[in-house]
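# Remarks on the overall topology
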Amino acid sequence: MKQRVLFVCLGNICRSPAAEAIFRMYVEREGLGEAFVIDSAGTYGGHSGERSDARMRSAAANRGIPMTHRARQVREEDFEAFDYILAMDDNNYEALFRLAPSRAAQQKIYRFREFLVNHPDWSYIPDPYYEGREGFELVLDLLEDGCRVLLDRLRSEK
Ligand code: 4NP
């Protein structure tokens, strides 16, 4: 059975598509591409259909991380289609919790911060949208940390 992972933020143009791209890169590097379904979505649909924010794409490209996602809004069916739904911050978590159609669906929602090991000062992934370049670099640092740990955990569950 494939492990199906959905990353969720607000706009689905900065944090969650970067998390998706990083996690996919780690998975493919380990030759595990067939074992996972990986996607991202936003709780807000206003950017649907757009490519990721150019600042995030550029910062990711500098680290060798390709980003090709088109934004979409999270939907109730995602709770059927995915096993692990990872919220970037508490607002995303609460929006997902309200959208979840059942108790079993709610139990699929995790806070991404649970997987951070090298950033004890961060309890959420900060929205970089109104930040400068350092904001995007920080997000990528946090996402690389958590995606590495997430992959290790999911591999050990197999
Ligand atoms: P993201 O960043 O949630 O990491 O994709 C944002 C992108 C757009 C907006 C907010 C956050 N916005 O309000 O348009």
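If you're wondering where the values come from, they're calculated on a predicted model, not measured in any experiment.

### Re the side chain of Asp78
Mapped onto the fold, Asp78 is located in helix α3 (residues 78-81). Of the residues examined, Asp78 reaches a relative accessible area of 2% and is grouped as buried. With sequence-adjacent residues up to four places away left out, Asp78 is seen in contact with Leu6, Arg72, Gln73 and Ile85.

### A few points about the site of the ligand
Taken together, Cys9, Leu10, Gly11, Asn12, Ile13, Cys14, Arg15, His47, Asp127 and Tyr129 are the residues near the ligand. Here Gly11 contributes a backbone N or O atom positioned 2.8 Å from an oxygen atom of the ligand. Taking Cys14, its main chain carries an N or O atom lying 2.9 Å from an oxygen atom of the ligand. For the ligand, the accessible surface in isolation is 350 Å², of which the surrounding protein chains cover 90%. A per-class count over the shell around the ligand returns five nonpolar, three polar and two charged.

### Some words on the pattern of salt bridges
For the structure shown, the criterion picks out 15 salt bridges. Two residues, Arg72 and Asp39, come together in a salt bridge whose shortest N-O distance is 3.1 Å. Remark: Asp39 occurs in strand β2 (residues 36-42) and Arg72 occurs in the loop between α2 (54-62) and α3; sequence separation between them is 33 residues. Asp39 matches Arg72 in its accessibility class, with the two residues each being buried. What you see here is one network of salt bridges that share partners, running through Arg63, Arg133, Glu137, Asp141 and Glu144.

### Observations concerning the packing of helix α1 (residues 15-29) against helix α6 (residues 133-157)
Axis separation between α1 and α6 bottoms out at 9 Å; the angle between their running directions is 45°. When the axes of α1 and α6 are compared, the pair comes out oblique. In this structure, the crossing between α1 and α6 has a hand that is right-handed. Within the contact between the two elements, α1 uses Arg15, Ala18, Ala19, Ile22, Phe23, Tyr26 and Val27 and α6 uses Val139, Leu140, Leu143, Glu144, Cys147, Arg148, Leu150, Leu151 and Leu154. Residues of the contact of α1 with α6, tallied by class, amount to 13 nonpolar, no polar and three charged.

Rules behind the numbers
Residues numbered from 1 in each chain as written. Predicted model: local features only at pLDDT ≥ 70, side-chain atom pairs only at ≥ 80, totals over all residues. Heavy atoms only, no water. Helix = DSSP H or I, 4+ residues; strand = E, 2+ residues; numbered from the N terminus. Buried < 20%, exposed > 50% of the residue type's maximum accessible area, 1.4 Å probe, protein only. Contact = heavy atoms within 4.5 Å. Near = heavy atom within 4 Å. Polar contact = N/O pair within 3.5 Å; in protein donor to acceptor, adjacent residues only side chain to side chain. Areas by Shrake-Rupley, 256 points an atom, 1.4 Å probe, with all protein chains shown as cover. Nonpolar A, V, L, I, M, F, W, Y, C, P; charged D, E, K, R; others polar. Salt bridge = Lys/Arg side-chain N within 4 Å of Asp/Glu carboxyl O. Axes fitted to C-alpha atoms, helices over the stretch in contact; angles between N-to-C directions. Parallel < 35°, antiparallel > 145°, perpendicular 65-115°, else oblique. Left-handed = near helix turned anticlockwise from the far one by under 90°.

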